[in-house]
Amino acid sequence: MSEKLDGMRMIWTGMEMFTRNGYSLKFPSYFIEGWPTTYLDGELWISRGTFNKVLTSVRKRSPDPNAWKIIKYMVFDAPFL
């Protein structure tokens, strides 16, 4: 059992990141350095009580590299690994 995170649900396809509704997400290139090239399911998260800060940071048309430095991708499923 694990704590329910209050983050933004995201799918990593191995090359791109999408919301559950299929919207593509732009992020700084350093954010995905070292990530696998396979499907991952998880949430973008900062800390408890910061859901709105996550949304504000990731919904920008042009990603703010400073805002992304504190965001983590918390993976809870990697079905093809």
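Refer to the preceding data block for the structure.
Structural notes, computed from the coordinates.

Conventions and cut-offs
- Residues numbered from 1 in each chain as written.
- Predicted model: local features only at pLDDT ≥ 70, side-chain atom pairs only at ≥ 80, totals over all residues.
- Heavy atoms only, no water.
- Pairing = 2+ DSSP bridges.
- Helix = DSSP H or I, 4+ residues; strand = E, 2+ residues; numbered from the N terminus.
- Contact = heavy atoms within 4.5 Å.
- Core = buried A, V, L, I, M, F, W, Y, C linked by side-chain atoms within 4.5 Å.
- Buried < 20%, exposed > 50% of the residue type's maximum accessible area, 1.4 Å probe, protein only.
- Phe/Tyr/Trp six-rings, centres within 6.5 Å; stacked < 30°, edge-to-face > 60°.

Reading across from one edge, 3-2-1-4-5 is the order of the five strands in this open sheet, with antiparallel pairing throughout. Only two strands of the sheet have a single partner each, and these edge strands are strand 3 (24-25) and strand 5 (72-77). With two bridges joining them, strand 1 (residues 8-12) and strand 2 (residues 17-18) adopt antiparallel strand pairing. Paired with Trp12 across the bridge in strand 2 is Met17.

Moving on, we get to the environment of Trp35. Counting through the fold element by element, Trp35 comes out in the loop between strand 3 and strand 4 (40-45). Along the primary structure Trp35 and Met15 are separated by 20 residues, whereas in three dimensions their C-alpha atoms are 9.3 Å apart. Those residues in contact with Trp35 that sit more than four places away from it in its chain are Trp12, Met17 and Tyr73.

Below, the discussion takes up the nonpolar core. Counting 16 residues, the largest nonpolar core has Met17, Phe31, Leu44, Val58 and Trp68 as the members making the most contacts within it. Where this core is concerned, the elements lending two or more residues are strand 1, strand 4 and helix 1 (51-58).

On to the packing of aromatic side chains, then. For any pair of aromatic rings, geometry is given as the distance between the ring centres together with the angle between the planes. Evaluation of the coordinates by the stated rule reveals six aromatic pairs. Arranged with centres 4.7 Å apart and planes meeting at 75 degrees, the rings of Phe31 and Trp68 form a pair that is edge-to-face. Residue Phe31 is found in the loop between strand 3 and strand 4, and its partner Trp68 is found in helix 2 (residues 65-68); the two are separated by 37 residues along the sequence. Among the aromatic residues, those joined into a ring-pair cluster are Trp12, Phe27, Phe31, Trp35, Trp68 and Tyr73.

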